[in-house]
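# A closer look at the structure
Listed below, chain by chain, are the residues.
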Amino acid sequence: MDVELRHLRCLVAIVDAGGFTGAAVELGLTQPSVSRTLAALEDALGARLLRRTSREVVLTAAGERVVSRARRVLAEVEDLAREVRGGAARLRLGHAWAAVGKHTLALQRRWAAQHPDVTLQLVRTNSPTGGLAEGACDVAVVRSASAVLDPGRIDPRRFDGAVVGLEPRYAALAADDPLARRRQLRTADLASRVLAVDPRTGTGTVELWPPGARPEVEETRDVDDWLAVIATGRCIGVTAESTLTQYRRQGVVFRRLRGAPPVPVRLVWWRDDRHPATDDVVGLLVELYGGYGR
């Protein structure tokens, strides 16, 4: 089967114009050319689509089905073309948990001032790639539990990226937890507790503790579930600083975790489909995070 868009446009034009003559005018073709194009479509589909009379052109039952689908296909192609043409005028920044934390508002305002022709849109998608693999964004904020990017989350053969900053780690506790009375904590203070972990997108990991002294783990599905189970007092959590500024939850407090390595904050993008504004957003975030290099 070799159906082309020009075939579908021809069929729709004939139906909308009420005949071959009007369709030829609309498409800028000769009437014989319109007839040949329709015949090619009927041959490709193996069905007669129009019934011609001396007065009018009438769709067959198969033609009714085909013209309906043809309109949807042509509309989808138009939407695709419009999105591609206007893609450079919008930068979708994906994230799983907390955007860029305390820098989020500054990023939005400074971007709008410096790049008035490119709209910055924040998109939250709870996936390991922050929505990048799902097509929800152009560039994504990804935080990893260690300094080495986990290839199980981000495939370096498909994606490229840059570290734009580092965020200190905090412990999350129920507000009435005895440890909440302290201003700072160490990982050893939490070893006997149950650690709430989002294995897909969270930064909490038992690797912060030495083997043999690691807490038990309870898995959660996203940041809301993570906060909810911590508020009950059943679990504690470990997270990046950005969670504090983006997610305030009654019954949950955060305390600085001393001696724990910081969380690298990365921007990632498709290697073979880099948005024209990628370098600009990387540069701005490096600046906001205090000049951290690639």
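Residues numbered from 1 in each chain as written. Predicted model: local features only at pLDDT ≥ 70, side-chain atom pairs only at ≥ 80, totals over all residues. Heavy atoms only, no water.

A few words on the pairing of strand β12 (residues 252–258). Judged from the 5 bridges that link them, strand β7 (residues 169–174) and β12 form a sheet pairing that is antiparallel. When the sheet's bridge partners are listed, Tyr170 is paired in β12 with Arg256. Of the pairings in the sheet, the one linking strand β8 (residues 184–186) to β12 comprises 3 bridges and is parallel in character. Looking across to β12, one finds that Leu185 is bridged to Leu257. (Pairing = 2+ DSSP bridges. Helix = DSSP H or I, 4+ residues; strand = E, 2+ residues; numbered from the N terminus.)

Of all the 8 residues making up strand β13 (residues 263–270), 7 are buried; the element is thus mostly covered by neighbouring parts of the structure. Both strand β5 (residues 139–143) and β13 contribute to a ladder of 4 bridges, which runs antiparallel. If you follow Val141 over to β13, its bridge partner there is Leu267. Here strand β6 (residues 159–167) runs beside β13; their pairing, made up of 8 bridges, is antiparallel. When the bridges of β13 are listed, Asp160 appears paired with Trp269. (Buried < 20%, exposed > 50% of the residue type's maximum accessible area, 1.4 Å probe, protein only.)

To continue, consider the nonpolar core. Generally speaking, soluble globular proteins have nonpolar side chains that are buried together. Judged by nonpolar contacts, the single largest core of 22 residues is most densely connected at Leu91, Leu107, Trp111, Val164, Leu267 and Leu285. Breaking this core down by element, the ones donating at least two residues are β3 (90–95), α5 (104–114), β5, β6, β13 and α8 (278–288). For this core, the leading source of residues is α8, giving 6 residues. (Core = buried A, V, L, I, M, F, W, Y, C linked by side-chain atoms within 4.5 Å.)

The subject of this paragraph is unusual backbone geometry. Leaving glycine out, the prevailing phi sign among residues is negative, and the prevailing peptide bond configuration is trans. Residue Ala99 is not a glycine yet carries a positive backbone phi of 50°. Checked against the element boundaries, Ala99 lands in the loop between β3 and α5. In this structure Ala99 comes out as buried when scored by relative accessible area, which is 4%.

What follows deals with the sheet that holds β13. Taken together, the 5 strands give an open sheet; going across it, the order is β4-β3-β5-β13-β6, and neighbouring strands pair in mixed fashion. Looking at the sheet topology across the chains shown, the edges are occupied by β4 (119–124) and β6. In this sheet, neighbouring strand axes are inclined to one another by 25° on average, regardless of whether the strands run parallel or antiparallel. Relative to β4, α5 is tilted by about 150°, and along the sheet it contacts β3 and β4. (Axes fitted to C-alpha atoms, helices over the stretch in contact; angles between N-to-C directions. Contact = heavy atoms within 4.5 Å.)

A few words on the pattern of salt bridges. Under the defined criterion, the tally for this structure stands at 14 salt bridges. The partner of Glu167 in a salt bridge is Arg143, and the shortest N-O contact between them spans 3.1 Å. Of this pair, Glu167 sits in strand β6 while Arg143 sits in strand β5, placing them 24 residues apart in sequence. Grouping residues by exposure puts Glu167 and Arg143 together as buried. The shortest N-O distance in the salt bridge between Asp189 and Arg182 comes to 3.3 Å. By relative accessible area, which is 27% here, Asp189 ends up partly exposed. Bridged by salt links that share partners, the residues Arg124, Asp224 and Arg249 form one connected network. (Salt bridge = Lys/Arg side-chain N within 4 Å of Asp/Glu carboxyl O.)

Quick look at α8 now. Within α8, the full set of buried residues consists of Thr278, Val281, Val282, Leu284, Leu285, Val286 and Leu288. Looking one or two residues past α8, Gly290 carries a phi angle of roughly 100°, positive in sign.

Across all of its chains, the model carries 2 aromatic pairs by this definition. The interplanar angle of 50° and the centroid separation of 4.5 Å between the aromatic rings of Phe159 and Trp270 together place this pair among those described as tilted. Of the two residues, Phe159 is situated in strand β6 and Trp270 in strand β13; the sequence distance between them amounts to 111 residues. With relative accessibility at 4%, the residue Phe159 sits in the buried group. (Phe/Tyr/Trp six-rings, centres within 6.5 Å; stacked < 30°, edge-to-face > 60°.)

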